[in-house]
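Structural features, examined
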Amino acid sequence: MSEIKKVRVPDIGDFKDVPVIEILVKAGDELAAEDSLITLESDKATIEVPSPYAGTVKTISVKVGDRVSEGSEILSMEVSAEHTDEAAKAAQSEQAEPPQQAERTASSDNGQDKAQPEHEGAADTVSAEQASAYRGSARQPSQMISASQDSKQAEVKPHAGPSVRRFARQLGVDLSKVIGSGPKQRILKEDVQAFVKQALSKSQNLGVGGGGFDLLPWPHVDFAKFGPIELKSLTRIKQISGANLHRNWVMIPHVTQFDEADITDLEALRKEYNENQQAQAGTKLTILAFLMKAATAALKKFPEFNASLDSSNGEANLVIKRYYHLGFAVDTPSGLVVPVIRDIDQKGVMMIADELGKLSSLAREGKLKPTDMQGASFTISSLGGIGGTAFTPIINAPEVAILGVSRATLKPVYRNGEFVPRLILPLSLSYDHRVIDGASAARFTSHLASILADMRLALF
Ligand code: CAO
């Protein structure tokens, strides 16, 4: 005998109208009790709601972006009567569990998980951003949330769901070493698989690929022996972007192509526009807005630069994107962030400049939403407002190229038998050499430089 049960959001403490950021199941999925159903994210915590029953998902009542509170319907499940009885018994026995036990479970480490598999999800929702855990409708969420938030150990727990944790344990993978590619650096099953693949290929290459020069352990030096020191923790943004940059630098064979664009005429146009229009429009037209437009025209001509590598079916493929969402690096007091302006091909430079200004302000105030930083197909990193002549930007995976821009300076250019002063903009294009050949990169930057010298070329 089976019956249809509606699963609702359980008591989640003081949280109300919490956005759903992930749906972890779909209709037809066979679930075990305690499998995660959805992830909620409030300002302060990430909350994963587990299934109270084992059974089959029939219908899903929520979608990503919906806001839910205690009692909101999540889904309906077909549950065998036997399982509902078991769930009720389990709930009763958990209610009898003393609070200290629940708190210890919430911050338990992997060793404890092994001894108590029924509690394994307790730390699953503890993310680096002080995310907290909620397990089992019969427990007291507020106790568990505070237990997670209070525990320093819990703050650094990897952010992964119960099934991924189980999978990682089966393979003996230490999740703290795995970089998550899901929302908020959440670790997905594919990340664990990629980690294992990488570890296997590393061990195969050990002592062979390095020509006798394998990586040495990181040097640990007592700097205090040499003089006064100060310890400063890295900001959260730097810790996350550092892990991403490290992965991208190590995993992508980068080459950087340097070039120069003559932007004398473009700068004259920009200045004239700003002098005449800025007061009315209220938006400052910057070089970066033109660069985005010009880069998009170049991406249309060279689609492999607006792409990502994909090996999900076991072969290497290129996913060419027919949309033009450009990320741009913003220097903030807490570190580097990369908001994204969408559909650049459908926008004029004024609209782009307006969005640039708004997103840069939000970035500096730390108010960007995760969606403001998603979906880029290509990125521009401009240090032109600060200085420098060239640099080697690191590709923002899974993109395959990034354009670095340095400060434009007046240079003497030989034209028609004489040197004339021209405003020259340095370009540094880093590209993934697995996807892009050097010749294509040189063609791309030459074409981009031509467009910047004469924006009318962006029309073609
Ligand atoms: N050459 C010469 N001058 C430039 C220039 C360039 N390439 N780019 C900008 N400028 C000028 C601007 O015209 C502006 O001058 P005025 O105030 O006289 O008009 C001034 O520099 C400041 O520009 P800006 O930085 O406010 O505006 P922007 O649109 O060029 O850049 C943003 C916006 C968000 C990209 C920038 O503020 C920023 O944060 N840059 C840093 C990005 C970064 O850290 N990259 C490194 C990533 S790898 O670690």
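Residues numbered from 1 in each chain as written. Predicted model: local features only at pLDDT ≥ 70, side-chain atom pairs only at ≥ 80, totals over all residues. Heavy atoms only, no water.

Some points on the nonpolar core
Rules: To qualify as a nonpolar core, a set must consist of buried Ala, Val, Leu, Ile, Met, Phe, Trp, Tyr and Cys residues joined through side-chain atoms within 4.5 Å. The cut-offs for exposure are 20% and 50% of the maximum accessible area for each residue type, with area from a 1.4 Å probe on protein chains only; residues under the lower value are buried, those over the upper are exposed, and the others partly exposed. We count a stretch as a helix when DSSP gives it H or I for four or more residues in a row; a strand needs E for two or more, and each element gets its number in order from the N terminus. Throughout, a contact is declared for two residues whenever any of their heavy atoms are within 4.5 Å.
Phe378, Ile380 and Leu452 are the most contacted members of the largest nonpolar core, which has 50 residues in total. Taken together, the elements giving at least two residues each to this core come down to α10 (287-301), β12 (326-328), α11 (349-364), β16 (378-382), β17 (401-405), β19 (418-432) and α12 (438-453). Here Leu452 is in contact with Ala261, Asp262, Ile263, Leu266, Phe290, Leu291, Ala294, Leu425 and Leu427, once residues within four sequence places are set aside. If you look at the next biggest cluster of nonpolar residues, it comprises 21 residues, including Val9, Phe15, Val25 and Leu75.

Let's talk about the sheet that holds strand β1 (residues 2-8)
Quick reminder of the rule: Paired strands, in this sense, are two strands between which DSSP finds at least two bridges.
If you trace the 4 strands from one edge of the open sheet to the other, you get β1-β8-β6-β3, paired in antiparallel fashion. With one partner strand each, in any of the chains shown, β1 and β3 (30-31) form the two edges of the open sheet. As paired strands, β1 and strand β8 (residues 73-80) are joined by 7 bridges and run antiparallel to one another. Residue pairing across strands places Val7 opposite Leu75, the latter belonging to β8.

Observations concerning the layout of surface pockets
Applied cut-off: With a 1 Å grid laid over protein atoms only, a set of points is called a cavity when a 1.4 Å probe fits there but cannot get out and a pocket when it is open yet has protein on both sides within 12 Å along at least five of seven lines; lining residues have an atom within 4 Å of a point. Grid points are joined across faces, edges and corners, and a volume is the space filled by probe spheres set on the points. Residue polarity follows a fixed list, in which Ala, Val, Leu, Ile, Met, Phe, Trp, Tyr, Cys and Pro are nonpolar, Asp, Glu, Lys and Arg are charged, and the others, Gly among them, are polar.
Here the second largest pocket is characterised by a volume of approximately 890 Å³. Those elements that place two or more of their residues in the lining of the second largest pocket are α9 (264-281), α10, β13 (330-332), β14 (335-337), α11, β16 and β19. Here the lining of the second largest pocket gets 7 residues from one element, more than from any other, and that element is α11. Among the residues making up the lining of the second largest pocket, the classes are represented as 17 nonpolar, 10 polar and 8 charged.

Details of the site of the ligand
We apply this condition: Being near a molecule or strand, for a residue, comes down to having at least one heavy atom within 4 Å of it. By the criterion applied in these results, polar contacts are pairs of N or O atoms within 3.5 Å in which, for protein atoms, one can donate a hydrogen and the other can accept it, and in which residues neighboring in sequence qualify only through two side-chain atoms. Occupancy of a cavity or pocket is assigned to a molecule whenever over half of its atoms lie within 2 Å of that pocket's grid points.
Surveying the vicinity of the ligand reveals 21 residues, the closest of which are Lys284, Asp331, Arg364, Ser381 and Ala408. Between the ligand and Lys284, the relevant distance is 2.9 Å, taken from an oxygen atom to a side-chain nitrogen or oxygen of the residue. Within the side chain of Thr286, a nitrogen or oxygen atom sits 3.1 Å from an oxygen atom of the ligand. With respect to the detected pockets, the ligand is housed in the second largest pocket. Among the elements of the structure, α10, β13, α11 and β16 are those that each provide at least two residues to the shell around the ligand.

Quick look at the environment of Met351
Secondary-structure assignment places Met351 in helix α11. Under the relative-accessibility criterion, Met351 is labelled partly exposed at 46%. The spatial distance from the C-alpha of Met351 to the C-alpha of Leu285 is 9.4 Å, given a sequence separation of 66 residues.

Observations regarding the confidence of the model for the protein chain
Stated formally: A score between 0 and 100, pLDDT records how confident the predictor is in each residue.
Taken over all residues, the pLDDT of the protein chain has a mean of 81, while the share at 70 or more is 80%. Per-residue pLDDT stays below 50 along residues 90-156; that stretch engages in 124 contacts with residues further than four places along the chain or on separate chains.

Some words on the pattern of salt bridges
The condition is simple: Between Lys or Arg on one side and Asp or Glu on the other, a salt bridge is scored when a side-chain nitrogen of the former is within 4 Å of a carboxyl oxygen of the latter.
Scanning all chains against the criterion turns up 18 salt bridges. Between Lys6 and Glu73 there is a salt bridge, with its nearest N and O atoms 3.7 Å apart. Of this pair, Lys6 sits in strand β1 while Glu73 sits in strand β8, placing them 67 residues apart in sequence. Put simply, Asp432 and Arg434 hold a salt bridge, and the shortest N to O gap is 2.7 Å.

Section: the packing of aromatic side chains
Keep this limit in mind: The criterion for an aromatic pair is that two Phe, Tyr or Trp rings (for Trp, the six-membered ring) have centres within 6.5 Å, with stacked assigned to planes under 30 degrees apart, edge-to-face to planes over 60 apart and tilted to the rest.
All told, the structure shown has 5 aromatic pairs when counted by the stated rule. Judged by centre distance (6.2 Å) and plane angle (85°), the ring pair of Phe302 and Phe305 falls under edge-to-face. Ring geometry for Phe302 and Phe444: centres 5.8 Å apart, planes at 65°, overall edge-to-face. With Phe302 in the loop between α10 and β10 (307-310) and Phe444 in helix α12, the pair connects residues that are 142 residues apart, well separated along the chain. The exposure class assigned to Phe302 is buried, which follows from its relative accessible area of 12%. Since its relative accessible area comes to 0%, Phe444 is described here as buried.

What to know about the packing of α10 against α11
The packing of two helices is summarised by the inter-axis angle and the distance between the axes. Just so we agree on the cut-off: Axis lines are fitted to C-alpha atoms, over the contacting stretch for helices. Their N-to-C directions set the angle, which ranges from 0 to 180 degrees. Oblique is the label for every angle not falling under 35 degrees (roughly parallel), over 145 degrees (roughly antiparallel), or within 65 to 115 degrees (roughly perpendicular). Crossings are sorted by hand: turned counterclockwise from the far helix by less than a right angle, the near helix makes the crossing left-handed, and turned clockwise it makes it right-handed.
Packing of α10 against α11 brings their axes to within 9 Å, and their N-to-C directions diverge by 120°. Taken together, the axes of α10 and α11 are oblique relative to one another. In terms of crossing hand, the pair formed by α10 and α11 is right-handed. For the pair α10 and α11, the contacting residues are Leu288, Ala289, Phe290, Met292 and Lys293 in the first and Val349, Ile352, Ala353 and Leu356 in the second.

Quick look at the packing of α10 against α12
Contact geometry of α10 with α12 gives a least axis separation of 9 Å together with a crossing angle of 135°. In terms of orientation, α10 lies oblique with respect to α12. Crossing geometry of α10 relative to α12 is assigned as right-handed. Between α10, through Phe290, Leu291, Ala294, Ala295, Ala297, Ala298, Leu299 and Lys301, and α12, the contact on the second element is made entirely by Phe444, His447, Leu448, Ile451 and Leu452. When the residues that make up the contact of α10 with α12 are grouped by side-chain class, the tally is 11 nonpolar, 1 polar and 1 charged.

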